[in-house]
Amino acid sequence: MGIWEILGIEPTDNPAQIKKAYAKKLKVHNPEVDPEGFQRLREAYDLALKYTHNITRNHTLEETPLSERREPSQLDEGEDHDPPQQLTQEISIPQRYDFTESYDHFERSMNPDDMVERFFRRTQMLYDNYHERIQLENWRALLNDEAMWNVGCHQLIDSRFLHFLEEHYHLPHEVWKLLDSHFQWQEKLEKLAGQLSGRFVAYLNGQLNQTITLRYHSFGNREDGDIEAFLEWRSDALFALMENDWETAQNSLAKAHALYALDPDLIRLQGEYFLRTGNKVRAFHTFDQLIRLDPDNIDAYLYRARLFLEKGDAAEAIKDCQEILTRMPELWDARSLLGKGYLQLGEWEKAQEIFQEMLSHNPSDIEAKICLTKIQSPFDRMTEPAANKQAKVARRKTLQALGLPGRLARFRQFFALYTRRNLWTIIFLLLLHYAMFAVVSMKLEMTSEQMYDSLVNKFWPVQIKTMDELKQTPLGYQVEFTLTKASYINILRVYDTEKHPEPKAEFIPGAKAEERDLLNSDTGYVNVGYLDQQAIIVITDYDHAKEIHDKQSITMRGTFKAIPDGEMLPVIVKALEKRKHPYQSLLMTDTYINAKPDLEEKGWTGSWLLGILAILSMLYYIRIIREIPKTRKALTFH
């Protein structure tokens, strides 16, 4: 198969057409899925570009006087000037038009149609060169073309330009604004909606109003073909998110990520995808990564502040909002989040000040009015008139003067009457609880004393300071400990529910878990740290793993467990060897601490008998609760 058949185009000396074909075929031959096909495509692409170089050189030689040509012996040694194999077909291709050339009097006297065609040849050439395309000055130079000063030409260009951009829309925001300043598309968007696709009209509107802003300056010296393929997949992901097509968005994001994982706008789109599909843990992780990569990204701070508020971490949300407002003081979305953060912390005066300021800016702001209503109720309680308190004191003194019982005496009367009325119900409820306790003991194969110790241990874990204390602690007990010199070793404990319906833990590297889309709230992060000069394995949640990563030290609680047979230990040891960790003589390899409950521990440990006893207990609890108002009423007649 020849290189043109691989690329899917006719033989050509136009590098732009070759690059476009390569970007299109790259979607079919993904390097991760079809490495052999990708290799053949890449070789065909390189040979085709080499061919265009030779064709251009030959045309140049043909136009050069014989006296100025170099002899073959004068050519650079080692340079291959022959076209590659399978390219011997004779084709007639016109010389590429150079838009930097000067125009003679004949060109200036061209008719409007020819001038328009020349203008669009220049436009195509500029767009085909990616690194020239993203420079604003090149578009200014294009718009100074003579055709733009000809009234008839300008009208023809105006009617065709948007149709050109509908297929060639990977342009920076400032270029869109420059083009709009010449053609005034924003003023006639409604009229244009019937001439263009709805997707492109929405994209154009987003670019002109700056609600859609994708950047194009972070790719360095990458190949134009790879950049074009990345931009196609990134825009496909954007359109899919606009249309709530989650499957297409996920596929496009994964393909773009495989080509260039560090593009800030791609990471932002990934965060939006996770957020809108309900995976808030991965969304938070993604926006956190985006802020580290791009500390000036206002959108990332806004998203992370909202997620902090949803988690109940108002203090961190306030920090993010303050960071935004130091850079954009008039961003009212950030002020609203800041006010909600103060509201969540109970700092009513600060919250009230912010929402009143928002109302002064926009009197119809419904959200600010609702938040002020929430603030007013606590203010009313805080500003309770002193007269009400004095009235309560006077009433209590009056009751005492009349010889009526106080609160403590009334409670004693209520307790005595309530116990007398419900004695047998209480006794039977205690027996039910004892039976449930016995069933659980048998199920867990524990004595009553062990059950009691286990319950106490849940609320008061064993304090561990040395390794000897840890070794003396029974397995299954909760321990509280301080880990030093700790680090996350890039191994995760995950559960693939599609592959294993019954909960089964897998220990795999973080990149593989992300590739299989297994990161969720059940994911455990494997860390290794030191306790009394000896290393121990600790499995934590994301927040604790991040604290370990940031501080290398942590105080936390977990369950002391034996390392199960299987892949857990070999995978961890392999990761430690890769990190050159001196684990051989230091690491405890028979036990670990589980600070992130696994799915196996979340199962129902009881039986059908325990369920029946629990239902009976609930019925008796309902009965004794309903007796409370009856007893209070009966107490008034005693």
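Participant: How should I be thinking about the packing of helix α9 (residues 173-183) against helix α11 (residues 198-208) in this particular structure?
Facilitator: Interhelical geometry of α9 versus α11 gives an angle of 95° and a closest axis separation of 9 Å. As summarised for this structure, α9 and α11 are arranged roughly perpendicular, according to the angle between their axes. Side by side, α9 and α11 meet where His173, Trp176, Lys177 and Asp180 of the first sit next to Phe200, Tyr203, Leu204, Gln207 and Leu208 of the second. A breakdown of the residues in the contact of α9 with α11 according to their chemical character gives five nonpolar, two polar and two charged.

Participant: Honestly, the side chain of Asp496 in this entry has me stumped. Any pointers?
Facilitator: Here Asp496 shows up in the loop between β2 (478-495) and β3 (505-509). Judged by relative accessible area, which is 14%, Asp496 ranks as buried. Among the polar contacts listed, one links the side chain of Asp496 to the backbone nitrogen of Lys499, at a separation of 3.2 Å. Engagement of the side chain of Asp496 in a polar contact is seen with the side chain of Arg516, the distance being 3.0 Å. If we skip the residues at most four places from it in the chain, Asp496 touches Glu506, Arg516 and Leu518.

Participant: So what exactly am I meant to see when it comes to the pairing of strand β6 (residues 554-562) here?
Facilitator: If a strand is regular, its side chains alternate between the two faces of the sheet. Relative to β6, β2 runs antiparallel, the two sharing six bridges. Paired with Thr482 across the two strands is Thr555, which belongs to β6. Here β6 pairs with strand β7 (residues 587-594) via four bridges, running antiparallel. The residue bridging Thr559 from the neighbouring strand is Asn594, located in β7.

Participant: Help me understand the pairing of β7 in this model?
Facilitator: Among the eight residues that make up β7, six are buried, leaving the element largely enclosed by the rest of the structure. Bridge count for strand β5 (residues 534-540) against β7 is four bridges, and the pairing is parallel. What sits directly across from Ile539, in β7, is Asn594.

Participant: I keep staring at the pattern of salt bridges and nothing clicks. Help me out?
Facilitator: Following the criterion strictly, the structure yields 31 salt bridges and no others. Between Lys350 and Glu347 there is a salt bridge, with its nearest N and O atoms 3.3 Å apart. Residue classification places Lys350 among the partly exposed positions, given a relative accessible area of 44%. Owing to a relative accessible area of 29%, Glu347 belongs among the partly exposed residues under this scheme. Here the residues in one salt-bridge network are Arg215, Arg234, Asp263, Asp265, Arg268, Glu272 and Asp294, joined through shared partners.

Participant: What should I look at first to understand the nonpolar core in this one?
Facilitator: What tends to happen in soluble globular proteins is that the nonpolar side chains get buried as a cluster. Membership of the largest hydrophobic core comes to 117 residues, with the highest contact counts inside it found for Leu7, Phe161, Leu165, Trp176, Leu179 and Trp185. With ten residues, the top contributor of residues to this core is helix α12 (residues 224-242). Setting aside residues up to four positions removed in sequence, Leu179 forms contacts with Trp139, Leu143, Phe161, Leu165, Leu171 and Trp185. Listed in part, the 17 residues of the second largest apolar core include Ile464, Val479, Ile548 and Ile593.

Participant: Please explain the side chain of Glu627 as it appears in this structure.
Facilitator: Structurally, the position occupied by Glu627 is in helix α29 (residues 608-635). A distance of 3.4 Å separates the side chain of Glu627 from the side chain of Arg421, its partner in a polar contact. Among all residues touching Glu627, those that are not within four sequence positions of it are Tyr418, Arg421 and Asn422.

Participant: Help me understand the packing of aromatic side chains in this model?
Facilitator: Under the defined criterion, the tally for this structure stands at 23 aromatic pairs. Look at Phe284 and Tyr542: their rings are 6.5 Å apart centre to centre, the planes differ by 80°, and that puts the pair in the edge-to-face class. One end of the pair, Phe284, is in helix α15 (residues 280-293); the other, Tyr542, is in helix α27 (residues 542-551), with 258 residues separating them in the sequence. Assigned by exposure class, Phe284 and Tyr542 land together as buried. Here the aromatic cluster, defined as three or more aromatic residues joined through ring pairs, consists of Phe119, Phe120, Tyr127, Phe161, Phe164, Phe183 and Trp185. Its end group placed over the ring of Trp332, Arg335 keeps NZ or CZ at 5.3 Å from the ring centre. Above the ring of Tyr530, the side-chain terminus of Lys485 is found at 5.9 Å from the ring centroid.

Participant: What should I look at first to understand a nonpolar patch on the surface in this one?
Facilitator: Taken together, the side chains of Ile612, Ile615, Leu616, Met618, Leu619 and Ile622 present a nonpolar region at the surface, about 560 Å² in accessible area. In this fold, Leu619 is placed in helix α29. Classification of Leu619 as exposed rests on a relative accessible area of 52%.

Participant: Is there a simple way to think about α11 in this case?
Facilitator: Given 3.6 residues to a turn, an α-helix orients residues that are three or four positions apart in the same direction. Three or more residues of α11 are buried, namely Phe200, Val201, Tyr203, Leu204, Gly206, Gln207 and Leu208. At the C-terminal side of α11, Gln210 shows a positive phi close to 60°.

Participant: Explanation requested: the environment of Ala283 in the structure shown.
Facilitator: By secondary structure assignment, the location of Ala283 is in helix α15. Ala283 sits 21 residues away from Arg304 along the chain, and the two C-alpha atoms are 8.5 Å apart. Sequence-distant contacts of Ala283, that is, excluding residues within four places in its chain, are made with Gly271, Phe274, Leu275 and Leu307.

Participant: Help me understand the environment of Ala256 in this model?
Facilitator: One can find Ala256 in helix α13 (residues 246-259). C-alpha separation for the pair Ala256 and Asp236, spaced 20 residues apart in sequence, amounts to 9.6 Å.

Participant: Looking at this model, I keep getting lost on the environment of Lys504. Mind explaining?
Facilitator: Along the chain, the position of Lys504 falls in the loop between β2 and β3. For the pair formed by Lys504 and Arg493, sequence separation is eleven residues and the distance between their alpha carbons is 9.7 Å.

Participant: Would you mind showing me how to read the confidence of the model for the protein chain here?
Facilitator: As a note on interpretation, predicted positions should not be read in detail where pLDDT is low. In this model, the protein chain carries a mean pLDDT of 79, and residues with pLDDT of at least 70 account for 78%. The least confident element of the protein chain, judged by mean pLDDT, is helix α4 (residues 105-108) at 43; the most confident is β5 at 93. Low pLDDT, under 50, characterises residues 66-109; the predicted model gives this stretch 55 contacts beyond four residues in sequence or across chains.

Participant: Which parts of the structure should I look at to understand unusual backbone geometry?
Facilitator: Positive phi outside glycine occurs at Gln184, with the angle close to 50°. By secondary structure assignment, the location of Gln184 is in the loop between α9 and α10 (189-192). Note on Gln184: relative accessible area 34%, which makes it partly exposed. The backbone of Gln533 sits at a positive phi, close to 65°, despite the residue not being glycine. Structurally, Gln533 is set in the loop between β4 (524-531) and β5.

Participant: Explain the packing of helix α16 (residues 298-311) against helix α17 (residues 314-327) here, please?
Facilitator: Packed helices, taken two at a time, are described by their axes: the angle between them and the distance between them. Contact geometry for α16 and α17: axes closest at 8 Å, N-to-C directions at 160°. By the angle between their directions, the pair α16 and α17 is classed as roughly antiparallel. Both α16 and α17 take part in a crossing whose hand is left-handed. Taken together, the residues of α17 that come into contact with α16 (itself represented by Ile298, Tyr301, Leu302, Arg304, Ala305, Phe308 and Leu309) are Ala314, Glu316, Ala317, Asp320, Cys321, Glu323, Ile324 and Arg327. Split into classes, the residues belonging to the contact of α16 with α17 amount to ten nonpolar, no polar and five charged.

Rules behind the numbers
Residues numbered from 1 in each chain as written. Predicted model: local features only at pLDDT ≥ 70, side-chain atom pairs only at ≥ 80, totals over all residues. Heavy atoms only, no water. Axes fitted to C-alpha atoms, helices over the stretch in contact; angles between N-to-C directions. Helix = DSSP H or I, 4+ residues; strand = E, 2+ residues; numbered from the N terminus. Parallel < 35°, antiparallel > 145°, perpendicular 65-115°, else oblique. Contact = heavy atoms within 4.5 Å. Nonpolar A, V, L, I, M, F, W, Y, C, P; charged D, E, K, R; others polar. Buried < 20%, exposed > 50% of the residue type's maximum accessible area, 1.4 Å probe, protein only. Polar contact = N/O pair within 3.5 Å; in protein donor to acceptor, adjacent residues only side chain to side chain. Pairing = 2+ DSSP bridges. Salt bridge = Lys/Arg side-chain N within 4 Å of Asp/Glu carboxyl O. Core = buried A, V, L, I, M, F, W, Y, C linked by side-chain atoms within 4.5 Å. Phe/Tyr/Trp six-rings, centres within 6.5 Å; stacked < 30°, edge-to-face > 60°. Lys NZ or Arg CZ within 6 Å of the ring centre and 35° of its normal. Patch = residues over 30% accessible without salt bridge, like charges linked within 9 Å, V, L, I, M, F, W, Y side chains within 5 Å. Areas by Shrake-Rupley, 256 points an atom, 1.4 Å probe, with all protein chains shown as cover. pLDDT = per-residue confidence, 0-100. Left-handed = near helix turned anticlockwise from the far one by under 90°.

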